Amino acid sequence: MALSTIWVVLEPSSGSYTTTSLELLTHARSMATTVSGVTWGDGASLAAQAGEFGATTLYDVGDLAGGLPGAPVASAIAALMAGDRPEAILIPTSYDGRDIAGRLSARLDRPVLTNVTGLSELNGLVTEHPIFGGTQTLKARFTGEGPGIVVVRAKSFVAESAGAAPATLVSAPAGELGATGEAKISATHVEERVGPKLEEAAVVVSGGRGLGEAANYALIEQIATLLHGAPGASRAIVDAGWVPYSHQVGQTGKTVKPTVYIACGISGATQHMVGMKGAKNIVAINKDPDAPIFQIADFGIVGDALKVLPALLEALKARA
Amino acid sequence: MNIVVCVKQIPDPAAPQSLDGSYNLNRSGKLILDEADTYGVEMALQLVDKAGSGEVTVVSMGSANDVAGLRNALAMGAAKAVIVSDDALRGTDALGTAKVLAAVIKRDAPDLILCATESSDGYTGTMPVQLAELLGLPSITFAKSIAVEGTTVKVERQTESGYDEVTTPLPALVTVTAGVVEPRYASFKGIMAAKSKPLETLTVTDLNLASETGPDGARQEIIDVVAADSRVAGEKHVDDGDGAQRIVTYLESIKVL
Ligand SMILES: Cc1cc2nc3c(=O)[nH]c(=O)nc-3n(C[C@H](O)[C@H](O)[C@H](O)COP(=O)(O)OP(=O)(O)OC[C@H]3O[C@@H](n4cnc5c(N)ncnc54)[C@H](O)[C@@H]3O)c2cc1C
Ligand SMILES: Nc1ncnc2c1ncn2[C@@H]1O[C@H](COP(=O)(O)O)[C@@H](O)[C@H]1O
């Protein structure tokens, strides 16, 4: 354990920290003597959770008054640097996480390493990045003076409670932001979603362009429901507007690691596979016997998804 | 209303990719306009059109050996292009790129800057926000729609659970997703017109940024590239009407059913 201090950006989401935030805290405590969290919103209400997963101090930027987190959180972190200098700042890959990383990088004049799926300690921090669809792993490290900024993908580590006491709350105001703080949220729209969250479901049933048309996605949703799982999608059908972006699995979408991933009418592009190849079991239905998805599927059916899926739905209904 | 769109020229993502001796992505061949950036170009053209005045400038950093991608953006309707190209730029990271683009964009002081959410080859997704910070501008990432009303830009921004409506005064930087607009194809007339539109080439020396760019400016190093754990193909059956039943049996075998 050769690193002395790591800071982890802890992203609040409906009364808890996101799973990725807790995964990063868990891993940070295996690499550094001291782990602190940086958060915003209502830090006091989550100091117990931050502490439980390993943060001794929780820096709280406080209420953002409708502002997007990127500029204020980065500004607060930069201000804290005057007093304490971590060797690394770990940030979850998320909409706001990437904004914070970009802003912070420019403020500190330090580089960011993104799409990180592994972190180890060997004469400093070593980052791992999947490249070429996850067939190869690139290892990198920071050089020069100052902290490394690392943006880590979901599910890179497993979150485990340390059973520790609540973190000590320290107020960390954003300071003067000027024009950079002017973007404000005026309304929030939440899509209805039933069943488990995509990134947490034990079963994920995903559809792709091979479903032919948007209406056929209902088969995916019904089968997912009967298997107590979540429906997912390839980017092709998200871009086509069949399903919302929140369903997308892959490089630009969500990373899932379910017990079983069922890919229906999905070719298996490298950008899709990086998001799901960590599944314990992979089932694929595709009419093309040479579709790349079969190279990583444990169980493949070469056939028409529009024949196999209705039959599967009936078989599952019969058991329910 | 003047809009700058940052566009990247990249090797065709459908072609096999490889790393060169210093672990940089091999970019020696043909370059195309990153498809991710065509959405920004289209959105910019539509916003300028709606505003009734102004123009779209595309700005890029990278090899100028092949400028077909920039000509493509000009053929779509952009008024002019600027490319910063220099051998010294090889190995520049996202922050270095942001410094270079900031130096170019400062000259124009546009009302709005558009970038893609992430590029197809580098996909760090951080360059645009670094650029906004260097320029001291507000930013809204992951736009699925953009509307400009007077001096305010209103964006629907994707979130984990849906989307937020976010507004900011101009000037500002916005990153767009593929859902924001449907890009046009360049017309024959557009392609002909593009040939005579201004395309300016700058070097790092012109911008005084030599020490901030290239591998030294990047302050990160690649230690190694190793093969990842690979999955092996399992059983595969041709559906004879029994495909669904076979899946059920498989799900039972892994105790999901
Ligand atoms: C920068 C970048 C990021 C990207 N990020 C992502 C990402 O996060 N997630 C993602 O998914 N993609 C991503 N992509 C896109 C990716 O490259 C592919 O274009 C996309 O995954 C293809 O989706 P698809 O498999 O549904 O469609 P296609 O590739 O068109 O495949 C359709 C498949 O369906 C099969 N099929 C057709 N009809 C039937 C039938 N009746 N029954 C059964 N099978 C049938 C076909 O054989 C084919 O294999 C990204 C691309 C880029 C450049
Ligand atoms: N070299 C570059 N030249 C112009 N624009 C760029 C460059 N690099 C990144 N961008 C812009 O920033 C976006 C995100 O890039 P990246 O940070 O590489 O994912 C791209 O889609 C472009 O719009």
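Counting restarts for each chain: residues are numbered from 1 in the order of the written sequence. Going through the entries in the order they are written, you letter the chains from A and number the ligands from 1. Under the rules for a predicted model, residues below a pLDDT of 70 receive no local features and side-chain atom pairs below 80 are neither given nor counted, while totals for whole chains, interfaces and linings still include all residues. Note: side-chain values were computed over all heavy atoms of the structure, leaving out hydrogens and water.

### Quick word on the domain arrangement of chain A
All names here are of chain A.
Argument step 1. In this entry, domain limits derive from an automatic or database-based domain assignment. In terms of domain boundaries, chain A breaks down into domain 1 (3–181) and domain 2 (198–319).
Argument step 2. On a C-alpha basis, the centres of domain 1 and domain 2 stand 32 Å from each other.
Argument step 3. Every contact between the two is made by 9 residues of domain 1 and, on the other side, 12 residues of domain 2.
Argument step 4. A quick way to say it: buried area is the sum, across both parts, of accessible area lost when two parts are put together, with a 1.4 Å probe. Summing both sides of the interface, domain 1 and domain 2 together bury roughly 820 Å²; the carbon and sulfur share of this comes to 41%.
Argument step 5. Of all residues in domain 1, Gly-133, Arg-153 and Lys-155 bury the most surface against domain 2, accounting for 64% of the area lost on that side.
Argument step 6. A side-chain nitrogen of Lys or Arg and a carboxyl oxygen of Asp or Glu constitute a salt bridge if their distance falls within 4 Å. The interface formed by domain 1 and domain 2 contains 0 salt bridges.
Argument step 7. Here a polar contact is recorded for every N or O atom pair within 3.5 Å, except that within protein the pair must consist of a potential hydrogen donor and a potential acceptor, and residues adjacent in sequence are included only if both atoms are side-chain atoms. Counting every contact that joins domain 1 to domain 2 gives 7 residue pairs in polar contact (both at pLDDT 80 or more). Here, residues are in contact when the closest pair of their heavy atoms is within 4.5 Å.

### Considerations on the state of the cysteines
Argument step 1. Cysteine sulfurs are considered disulfide-paired once they come within 2.5 Å of each other. Per the counting criterion, the structure on display carries 0 disulfides over all chains.
Argument step 2. In this structure Cys115(B) is not part of a disulfide, and its nearest cysteine sulfur, from Cys6(B), lies 3.6 Å away.

### Concerning the site of ligand 2
All names here are of chain B.
Argument step 1. In these notes, residues near a molecule or strand are those with any non-hydrogen atom within 4 Å of it. The immediate surroundings of ligand 2 are formed by 19 residues, with Cys-6, Asp-37, Ser-119, Thr-124 and Gly-125 found nearest.
Argument step 2. Met-61 has a polar backbone atom sitting 3.0 Å from a nitrogen atom of ligand 2.
Argument step 3. A distance of 2.7 Å separates an oxygen atom of ligand 2 from a polar backbone atom of Gly-125.
Argument step 4. Protein contacts shield 97% of the accessible area of ligand 2, which totals 480 Å² for the unbound molecule.
Argument step 5. Per the convention used, a helix needs a DSSP run of H or I reaching at least four residues, while a strand needs a run of E reaching at least two, with both numbered from the N terminus. With 3 residues, the top contributor of residues to the shell around ligand 2 is strand 4 (residues 56–61). Calculation of accessible area relied on Shrake-Rupley with a 1.4 Å probe; when residues are assessed, cover is drawn exclusively from the protein chains displayed.

### As for the packing of helix 3 (residues 70–80) of chain A against helix 4 (residues 95–108) of chain A
All names here are of chain A.
Argument step 1. Axis definition: a line fitted to C-alpha atoms, over the contacting stretch in the case of helices. Angles run 0 to 180 degrees between N-to-C directions. One way to put it is that helix 3 packs onto helix 4 with a least axis distance of 8 Å and a crossing angle of 45°. The angle between helix 3 and helix 4 falls in the class oblique. Handedness of the crossing formed by helix 3 with helix 4: right-handed. Each of Gly-70, Ala-71, Val-73, Ala-74, Ser-75, Ile-77 and Ala-78 in helix 3 lies in contact with helix 4, whose residues at this interface are Asp-99, Ile-100, Arg-103, Leu-104, Arg-107 and Leu-108. Working definition: roughly parallel below 35 degrees, roughly antiparallel above 145 degrees, roughly perpendicular at 65 to 115 degrees, and oblique for all remaining angles. By definition, any crossing whose near helix is turned counterclockwise from its far helix by less than a right angle is left-handed, and any crossing with a clockwise turn is right-handed.

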